[in-house]
Amino acid sequence: LRGSHGRIFFTQQKGSSIQEEPKPGQNTVLNIDQDAQRTLYNALFGVLREAGLNRAAAIVQDPRDGAVLAMVSFPGYDNNIFSDVVSQAEFEKLFLSPSKPLFNRVVSGLYHPGSTIKPFFGMAGLQEGIITPRTSIQNCINITIPNPFKPDEPSVFKNWREDFGIFNLRRAIANSCNVFFFAVGGGHETIDGLGISRIVRYLKSAFADAILGIDFPGEEKGFVPTPEWKQKTTKDNWYLGDTYNVAIGQGDLIVSPLWINSYISAVANGGTIYKPRVVERIVDGAKNTVKIFEPNPVGRLPFRDDVITEVRNDMQETVLSGTAKIFQDLPVSVGAKTGTTEV
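These figures come from a predicted structure and were not determined experimentally.

*Asks:* Tell me about the state of the cysteines, and name the residues and values.
*Replies:* Under the defined criterion, the tally for this structure stands at 1 disulfide. Disulfide partner of Cys-140: Cys-177, at an S-S distance of 2.1 Å. On the sign convention where negative is left-handed, the bridge of Cys-140 and Cys-177, at about 110° about the S-S bond, is right-handed. Here the residue Cys-140 occupies a position in strand β6 (residues 137-145), and Cys-177 occupies one in the loop between α4 (169-174) and α5 (178-186), the gap between them amounting to 37 residues. In terms of burial, Cys-140 and Cys-177 fall into one category: buried.

*Asks:* So what about the pattern of salt bridges? Which residues, and what values?
*Replies:* Counting across every chain of the model gives 13 salt bridges. The residue Asp-62 makes a salt bridge to Arg-64 at a minimum N-O spacing of 2.8 Å. Salt-bridge contacts for Arg-170 lead to Asp-314; the nearest nitrogen and oxygen are separated by 2.6 Å. Here the residue Arg-170 occupies a position in helix α4, and Asp-314 occupies one in helix α10 (residues 305-320), the gap between them amounting to 144 residues. Under the relative-accessibility criterion, Asp-314 is labelled buried at 0%.

*Asks:* Would you mind going over the pairing of strand β5 (residues 68-74) in detail, with residue names and values included?
*Replies:* Counting buried positions along β5 gives 6 out of 7 residues, so the element sits mostly inside the fold. Relative to β5, strand β4 (residues 56-61) runs antiparallel, the two being bridged by 6 bridges. Within β5, the residue paired with Val-60 across the bridge is Ala-70. In textbook terms, the turn of a hairpin is the stretch between consecutive antiparallel strands, and for β4 and β5 this stretch comprises 6 residues, one of which, Gly-66, has a positive phi near 85°.

*Asks:* Give me the lowdown on the side chain of Thr-226, citing residues and values where you can.
*Replies:* With respect to the element layout, Thr-226 can be found in the loop between α6 (196-205) and α7 (227-234). A distance of 3.0 Å separates a polar side-chain atom of Thr-226 from the backbone nitrogen of Trp-229. If near-sequence neighbours (up to four positions away) are discounted, Thr-226 is found in contact with Val-200 and Trp-238.

So, how was this worked out
Residues numbered from 1 in each chain as written. Predicted model: local features only at pLDDT ≥ 70, side-chain atom pairs only at ≥ 80, totals over all residues. Heavy atoms only, no water. Disulfide = S-S within 2.5 Å. Helix = DSSP H or I, 4+ residues; strand = E, 2+ residues; numbered from the N terminus. Buried < 20%, exposed > 50% of the residue type's maximum accessible area, 1.4 Å probe, protein only. Salt bridge = Lys/Arg side-chain N within 4 Å of Asp/Glu carboxyl O. Pairing = 2+ DSSP bridges. Polar contact = N/O pair within 3.5 Å; in protein donor to acceptor, adjacent residues only side chain to side chain. Contact = heavy atoms within 4.5 Å.

By themselves, these figures tell us nothing about what the structure is for.
See the structure below:
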């Protein structure tokens with residue numbers, strides 16, 4: 001093995017066996033749709049440019065079978081760089097940049113889900129009988145929890161804006177009411193709340209802290225915090241405020257964009273969580289199919305069919321009257337959930 005001007009090549013020593021001639025390999029056919037991929041890339045690039053940002057992740061899946069139709073992680077890079085010698089400038093841009101262009105944020109990034117988790121806890125609340133579709137609260141402003149040790153310093157858990165009126169589950173999802181989901185998660189007034197034990201059980205049952213098995217390197221599993229973990233890690237107790245934070249996708253709960261999209265896909269398809277699939281099939285040089293990768297269910301959301309249907313309809317209201325009105329002009333019926341995390 002010798003090197004010359006940064007290149008590496010092999011030489012055959014005398015007396016060694018003759019190596020076989022290289023043969024063409026097989027080809028992979030992807031589920032990636034070229035038009036969808038280009039559209040997603042350009043749309044996300046435009047949003048980042050207008051905002052003066054450079055990091056983002058986006059994925060599009062077919063909820064019927066888990067096929068990945070488009071996937072983009074910014075900042076991107078040109079694969080062709082690796083077809084030749086990598087210059088020092090290119091090396092630094094790829095490997096030393098704080099924005100980490102080689103890091104696939106869709107499958108490897110872990111983030112607070114924010115309000116995108118609210119449909120999940122809406123389903124958990126319905127499943128447990130904590131709420132019904134008619135359960136409501138008056139106004140969506142804040143919850144104040146007394147501090148027994150410092151009466152003058154109560155804990156105040158606020159909505160992201162002041163909203164007035166009656167909020168049932170549908171309006172709470174459509175307008176992303178924190179106060180409603182504080183109550184669903186930890187309880188308040190007439191709503192008992194799930195409590196952290198049931199929250200943990202449901203998240204784990206839906207694979208929030210598990211590998212989904214996408215046929216792409218680097219998938220990371222999320223993290224679901226527990227009172228035992230907090231006590232061991234911080235030597236502190238678990239408080240009601242911790243449960244409130246998890247109930248709106250903040251605190252110590254972190255998941256991947258891939259998982260968020262997979263659980264939402266399951267809401268769309270009636271409950272099945274599929275293994276995300278980038279590759280559709282393998283073909284030989286004559287384009288004969290060698291292997292087909294069939295849809296592979298990982299499991300199901302731990303909720304009844306009527307519960308899933310209710311929340312799916314609630315997510316459509318987000319487009320009709322809530323925080324995702326931008327989708328009203330689409331020529332198809334759409335459900336959505338927006339989310340912004342405070343970090």
